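Fold and contact review
In case you want the letters, here they are:
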Amino acid sequence: MDAILLQILNGLDKGSAYALIALGLTLIFGTLGVVNFAHGALFMIGAFCAVTLNKVFALSSITIDPTKTDFLGKPLQVKTPYLEKWFGDAGLAIMDWSVPLAIIVSIPIMMLIGYVMERGLIRHFYKRPHADQILVTFGLAIVLQEIIKAFYGANPIQTPAPSTFVGTLDIGVYLGFAQDAITYPYWRLVYFAFACLVIFAVFAFLRFTTFGMVVRAGMADRETVGLLGININKKFTIMFALAACVAGVAGVMYTPINSPNYHMGMDFLVLSFVVVVVGGMGSLPGAVLAGFLLGILESIASMNVVKQFFETIFIPSIDQIVIYLVAVIVLLVRPRGLLGHKGMMED
Amino acid sequence: MQILEVKGVNKRFGGLQALNDVNLSVSEGSVHAIIGPNGAGKSTLLNCFIGRLNPDSGSVTFDGKSLLGMKPHEINQVGVSRVFQTPEIFVDLTVLENVMIPALAHRDGAFKLNPFKRMRQETAIRAKAIDVLEDIGLEDKIDMTASSMSRGDKRRLEMAMGLVQDPKLLLLDEPTAGMSRADTNNTIDVLKHIGDSRGITMVIIEHDMHVVFSLADKISVLAQGTVIVEDVPGNIKGNPKVQEAYLGTTN
Amino acid sequence: MNNSKYSDSALLLFFIIMVVAGPFLLAPFGGSYPDLLQKFAIFGIFAIGFNILFGLTGYLSFGHAVFLGVGSYGAVWMFKLLSYNVLPALVVAVVVAGFFSVVIGYISLRRSGIYFSILTLAFAQMMFNVAYSVATPITNGETGLQIYNDDPQWLQGADSPLTTNLFGLKMNEVFWRPEFLGFEAQFNVGYYFCAFFLIIAFYLALRITRSPFGMMLRAIKTNQNRLNFTGVSTRPYMLAAFVISGMYAGLAGGLWACMDPLAGAERMQWTASGEVVLMTILGGAGTMLGPVLGAGFIKYFEAIFSKINDQVLHSWFAFMPDGMENVMVAIVHPFVGKGWHLTLGLLFMMIVIFLPGGLIGGLTSLGRVLTGRGRKSKG
């Protein structure tokens, strides 16, 4: 029991990331009618915003301490980050909090990237066939990830969470289990809470603002909204920038959980597509629901008991493929996904 | 013999009763027209014949077989071809190819794996397609790409695609809508000629009374989802119910 | 269509001449060595097959590298179990790829459009995971499948060569090294073996395109709905096209293993699937020569670009003043060597944005402008 609960918790953080990326994909698809193969790259760029800020904060001045020597016998070089030099303890705190602070930096950056992408590229593909849209965003995804690779190299870069959130919380004790039965890293809790907040904010935005109303109307019937004399083009740009933002901040906050590398975007993108298909193309709640469900499922499938069971029926390492298998089954049994509408995407 | 029989068909969209206990029977070899004012349910009824919509209740029987629940290609394979109101042609292919495809589908069935047969060897199909294109007056455009044709020619191509299958029943959805008077007369002549020479049963949905009265052997008048009259053309004009529902409002 | 017999024969003849003369033609460009020539033929076959699906029906598969990968695995297993003879390996490669394409195609083709692309992509990623970790006993995981001394090789004769061969004819043998325009051209058994299959693959694709079956596929691309109302069940047509193109990919994968008896999971990655898409659209999707041209183009520049390092760059820009030279090297550096993928991605975008008809499409419209005629070429 406690083991399952633990796996459910473990699935939440990956599920959060899937849900956030799938949410953006669905928003873009529902409003603009474009499948954005570069959406995973936006997630990745968000993560590298955090990496960059972390590196910038860590810029140090080098002074030589003549009284000490390093292991080669040369005078010891002491690195002091500028932030520490200038602001003392406050500077150290800023460095420590680089990941959360990166959100503030990433929002305008992602907005700008989203704006440029939509205006410069996506816009010209609204009337082109879907295959062209897929191909051009696919090409863009490659370009973006190769640029990141050129700057940051191919290896994952560690980016720590603030020290306050390092360590684990013994949740099991609160629920009446034995000590250390269910421990959960603080940062993952933070990530889950953050994801819920973002999802809630997006839904509230769509629900309670006039802009959101137009967007929802557009998702239901794009042509009619266009006829109402509403400046759809501008709304599309904002929508795209917003979706880019959601992917970006999801990437920023994910860095302490898994060290970012240049191909993380594509890894998450494929899974997020599966999430969108399972949830029902064009359904926002479906995307969120399926994101969390599949995250948890993946986590449960990685339990030893489950793995051993599947090995006895000759499916080893079930955790590696469980999401795809589920997607295939859902598609065969319920082709329009969990919460999809009839007629959506049947062309 | 009745080739198509529609019995007690109901279809409801939310609060709208689109079809209300519709009964219709079409005898073999005849031209049966369905007329009625806008929103009378003509298109809904047609969509029930071809598997696009499933009625809530009732039956649609063609040649002894129920058409309900059949897939579009199955309905075509039992001998019901449809001519679309807005031309749905293969715009990237040539005119001849557009007509050869339905001819092949008629001969080979819904699927045939013949990847190494040469198109050039299909001389019989080709001759048949050209024959129909001559009937319809497109013989000098066979190598044209379909997308570059005029709108009227596209409509005629649509008709050729239906005719080339020698269907037992041809469904025509407003075959002359948007055509000039000359084109309309031409179409009437073509349909008459084909109806006589090939003996194809036709169901025509049409607004243009001129077309209806020149072609139809029998007319069903649809109003508010119900067939109010089914009679020969001569009796339709004088029928007070029809005048009230339809002719009175347009004339 | 009336004169297609004449023009198709001419096209085929042209193609055969180009392929047979390949080692000569590429010698002046530094491309006449067995490894590259074989890649041209192998990826040419892969792209021709992909074009039967994408070019004719418009269905964009993002998982075709899977079939190439399983073809390679099947072939290497035949080397391990039977002998170094390439024939059983090729047969198994095509059969295995055909089997996988039936399963994957059957499920993916339940949807069309974007859905289909996403499903094939998901399958590709799943199969990559399967090859990389799940099915390690069969695929040897991340090391990749290769031939060891203790493999059974039941049919391996005592005196037959210990390298891939066709009844003793070694694939890696270079049988003629003439000088051509001052460059060395290498004539290699493996290349001609692949070229033989490339020509057959091209001929079959030509026949398929010109058949009633091919016309149905083109009709699916134009208006699938209408085709259903015309009495054609489109799904079996799609599945047939999918499986045919999957078997082409399997043949390509098998040939790759015949040239170099290895198989690895990375052959099945989405980047590999993306590469064949790029080859096809670069050359011109739906055209006969386009995919082969695109495959050759990509493989050639991959080979050239990957070899360029900073030293080469400095020698290129040596004529410039020192400062300028360094700036130019710094600008070009990210696009060459290990940065080849960046160039590939940019090329991808450029083609889709500016040249949707690919190289063949571009040449055709150029020819039309120059000759002032509106004739539609199907080259």
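Counting of residues starts from 1 at the beginning of each chain's written sequence and follows it residue by residue. Think of it this way: whatever chain is written first is A, whatever ligand is written first is 1, and the rest follow in order. Confidence filtering applies because this is a predicted model: local features only for residues at pLDDT of at least 70, side-chain atom pairs given and counted only at 80 or more, and all residues used for totals across whole chains, interfaces and linings.

**Topic: unusual backbone geometry**
Residue and element names in this part refer to chain C. Phi is positive for Asn 140, which is not a glycine, with a value near 60°. Going along the chain from the N terminus, every DSSP run of H or I of four or more residues is numbered as a helix, and every run of E of two or more is numbered as a strand. Turning to its location among the elements, Asn 140 is positioned in the loop between α7 (136–139) and β1 (145–146). A positive phi is found at Gln 153, a non-glycine position, where the angle reads about 45°. With respect to the helices and strands, Gln 153 occurs in the loop between β1 and β2 (165–166).

**A short note on the domain arrangement of chain B**
All names here are of chain B. According to the domain assignment, chain B contains domain 1 (1–79 + 167–251) and domain 2 (91–166). In this description, any two residues whose backbone-derived C-beta atoms lie within 7 Å of each other are considered to be in contact. In this assembly, ten residues from domain 1 lie in contact with eleven residues from domain 2. Of all elements in the fold, only α2 (72–77) and α6 (181–198) reach the threshold of two or more residues within the side of domain 1 that touches domain 2. Where a domain begins and ends is set by an automatic assignment or by a domain database.

**Details of the sheet that holds strand β2 (residues 16–27) of chain B**
Residues and elements named next belong to chain B. Read from one edge of the open sheet, four strands run β2-β1-β4-β5, paired in antiparallel fashion. The sheet is open, and its two edges are formed by β2 and β5 (65–66), each paired on a single side. Any two strands with at least two DSSP bridges between them are considered paired. The pairing of strand β1 (residues 2–13) with strand β4 (residues 57–62) spans five bridges and is classified as antiparallel. Of the residues in β4, the one forming a bridge with Val 6 is Val 60. Axis geometry follows a simple rule: fit a line to the C-alpha atoms, using only the stretch in contact for helices, then measure angles between N-to-C directions, giving values from 0 to 180 degrees. On the sheet, helix α1 (residues 42–49) packs against β1, β2 and β4 and is oriented at approximately 60° with respect to β2.

**A look at the packing of helix α1 (residues 2–32) of chain A against helix α8 (residues 186–208) of chain A**
Residue and element names in this part refer to chain A. Interhelical geometry of α1 versus α8 gives an angle of 25° and a closest axis separation of 9 Å. The angle between α1 and α8 places the two elements in the roughly parallel class. The way α1 lies across α8 gives a crossing that is left-handed. In this structure, α1 uses Leu 12, Asp 13, Ser 16, Ala 19, Leu 20 and Leu 23 to contact α8, whose residues at the interface are Arg 188, Tyr 191, Phe 192, Ala 195, Val 198, Ile 199 and Val 202. Three classes are used: nonpolar for Ala, Val, Leu, Ile, Met, Phe, Trp, Tyr, Cys and Pro, charged for Asp, Glu, Lys and Arg, and polar for all others, with Gly counted as polar. Looking at the contact of α1 with α8 residue by residue, the classes come out as ten nonpolar, one polar and two charged. Should an angle lie under 35 degrees it is considered roughly parallel, over 145 roughly antiparallel, and from 65 to 115 roughly perpendicular; all remaining angles are considered oblique. Handedness of each helix crossing follows the sense of rotation of the near helix against the far helix: counterclockwise by less than a right angle gives left-handed, clockwise gives right-handed.

**Re the interface of chain B and chain C**
A common way to report how large an interface is uses the accessible area buried once the components associate. Counting residues at the interface gives 30 residues for chain B, matched by 26 residues for chain C. Ranked by residues supplied to the side of chain B that touches chain C, first place goes to helix α3 (residues 95–108) of chain B with six residues. A breakdown of the residues in the side of chain B that touches chain C according to their chemical character gives 16 nonpolar, six polar and eight charged.

**Considerations on the arrangement of the chains**
Contacts are most numerous between chains A and C, taken over all two pairs of chains that touch. Nothing in chain A touches chain B, and the closest approach of their C-alpha atoms is 13 Å.

**Side note on the sheet that holds strand β6 (residues 80–83) of chain B**
Residues and elements named next belong to chain B. Across the sheet, which stays open at both edges, the six strands sit in the order β6-β7-β8-β3-β9-β10 with mixed pairing between neighbours. At either end of the open sheet lies a strand with only one pairing partner, and these are β6 and β10 (226–231). Each adjacent strand pair in this sheet contributes to an overall mean axis angle of 20°, direction not counted. Judged from the five bridges that link them, strand β9 (residues 218–223) and β10 form a sheet pairing that is antiparallel. Across the sheet, Leu 222 pairs through a bridge with Val 227, a residue of β10.

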